[in-house]
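Examination of the molecular architecture
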Amino acid sequence: MDMFGTVRFKASREHLWQAFSDSAVMKQCLPGCETFEWTASGQGVATAAIAIGPIAARFKGEVRLFDVEPPVTCTIAGEANAGAGGFVTGLAKVRLDESSEGTELSYFAEARICQRLTRLGVRRVDAAAKEIATRFLDSLREIVERAAKAADRPAPERAWLR
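Scope of this entry: the structure provided in the associated data block. Please read all numbers here as calculations on a predicted model, not as lab measurements.

1. Brief notes about the pairing of strand 5 (residues 73-81)
Across eight bridges, strand 4 (residues 55-69) lies against strand 5 in antiparallel orientation. Directly across from glutamate 69, in strand 5, lies its bridge partner threonine 73. If you look at the hairpin formed by strand 4 and strand 5, you'll find three residues sitting between the two strands. In sequence, strand 5 turns back onto strand 6 (residues 87-99) through a hairpin of five residues, with glycine 83 there showing a positive phi of about 60 degrees.

Okay, here's the thing in structure tokens:
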């Protein structure tokens, strides 16, 4: 299954890049995420409870970043296992480009599912994957844009000077 797209953020790419490296932000953005931590070696370790149709599973997985050029591009490789529920592997290339209104995030992702999840059918799994990606990007946009607005506001004690 392949997914690709472009999402516009009203924030600098530095704000967006910083959000990617924040474990709390990633946990908040990933649907069903219970835990997420970036390790000292640059790997992300996570658990998430996800339901796709009649199959609900708790996935444990990790992501690795490579070809990293902050704050412009990186490649993300990940895998998650739910035991008898199946497993998922994926690879995503992400690029952040400055635009007149902030930042454009472009992505191309490939994912493979195995075992029990394949019984649901390609269309159902594709739809679920796209829904998860959309929810992640919408949450990320909301958090990043809120943080960017807060950073642009004058400090309260100095507001009277303006």
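2. Focus on the environment of glycine 44
With respect to the helices and strands, glycine 44 occurs in strand 3 (residues 43-52). Accessibility expressed as a relative area gives 1% for glycine 44, which makes it buried. Along the backbone, glycine 44 and glutamate 62 are 18 residues apart, and their C-alpha atoms lie at a distance of 5.3 Å. Dropping the residues within four chain positions of it, glycine 44 is found in contact with Phe36, Glu37, Trp38, Gly61, Glu62 and Val63.

3. What to know about the side chain of threonine 103
Among the structural elements, threonine 103 can be located in strand 7 (residues 102-114). Looking at threonine 103, the relative accessible area reads 0%, which means it is buried. Polar contacts involving the side chain of threonine 103 include one to the main-chain carbonyl oxygen of alanine 11, which spans 2.7 Å. The contact partners of threonine 103, leaving out residues within four places of it in the chain, are Val7, Arg8, Phe9, Ala11, Ser12, Arg13, Leu16, Leu96 and Asp97.

4. Concerning the packing of aromatic side chains
Inspection of every chain in the model, using the stated rule, returns one aromatic pair. Considering the side-chain rings of phenylalanine 36 and tryptophan 38, the 5.2 Å spacing of their centres and the 75 degrees angle between planes classify their relative orientation as edge-to-face. As far as burial versus exposure is concerned, phenylalanine 36 and tryptophan 38 are alike and both buried.

5. Thoughts on the nonpolar core
Core analysis: the biggest nonpolar cluster contains 24 residues, and Leu16, Phe20, Met26, Leu105 and Leu140 have the highest contact counts within it. Put simply, the parts of the chain that give this core at least two residues each are strand 1 (2-9), helix 1 (13-20), helix 2 (23-29), strand 2 (33-38), strand 6 and helix 3 (122-152). Per-element tally for this core: the top contributor is helix 3, with six residues. Look past the residues within four positions of phenylalanine 20 in its chain and what remains in contact with it is Met26, Trp38, Val94, Leu96, Leu105, Phe136 and Leu140.

6. Focus on the pattern of salt bridges
In total, this model carries seven salt bridges according to the counting rule given. Taking the shortest distance from any N to any O, the salt bridge between arginine 13 and glutamate 98 comes out at 3.7 Å. Here arginine 13 is found in helix 1, whereas its partner glutamate 98 is found in strand 6, with 85 residues between them in sequence. Take arginine 13: its relative accessible area is 17%, and that puts it in the buried class.

Conventions used here
- Residues numbered from 1 in each chain as written.
- Predicted model: local features only at pLDDT ≥ 70, side-chain atom pairs only at ≥ 80, totals over all residues.
- Heavy atoms only, no water.
- Pairing = 2+ DSSP bridges.
- Helix = DSSP H or I, 4+ residues; strand = E, 2+ residues; numbered from the N terminus.
- Buried < 20%, exposed > 50% of the residue type's maximum accessible area, 1.4 Å probe, protein only.
- Contact = heavy atoms within 4.5 Å.
- Polar contact = N/O pair within 3.5 Å; in protein donor to acceptor, adjacent residues only side chain to side chain.
- Phe/Tyr/Trp six-rings, centres within 6.5 Å; stacked < 30°, edge-to-face > 60°.
- Core = buried A, V, L, I, M, F, W, Y, C linked by side-chain atoms within 4.5 Å.
- Salt bridge = Lys/Arg side-chain N within 4 Å of Asp/Glu carboxyl O.

So far we have only geometry, and geometry alone does not tell us how the molecule works.
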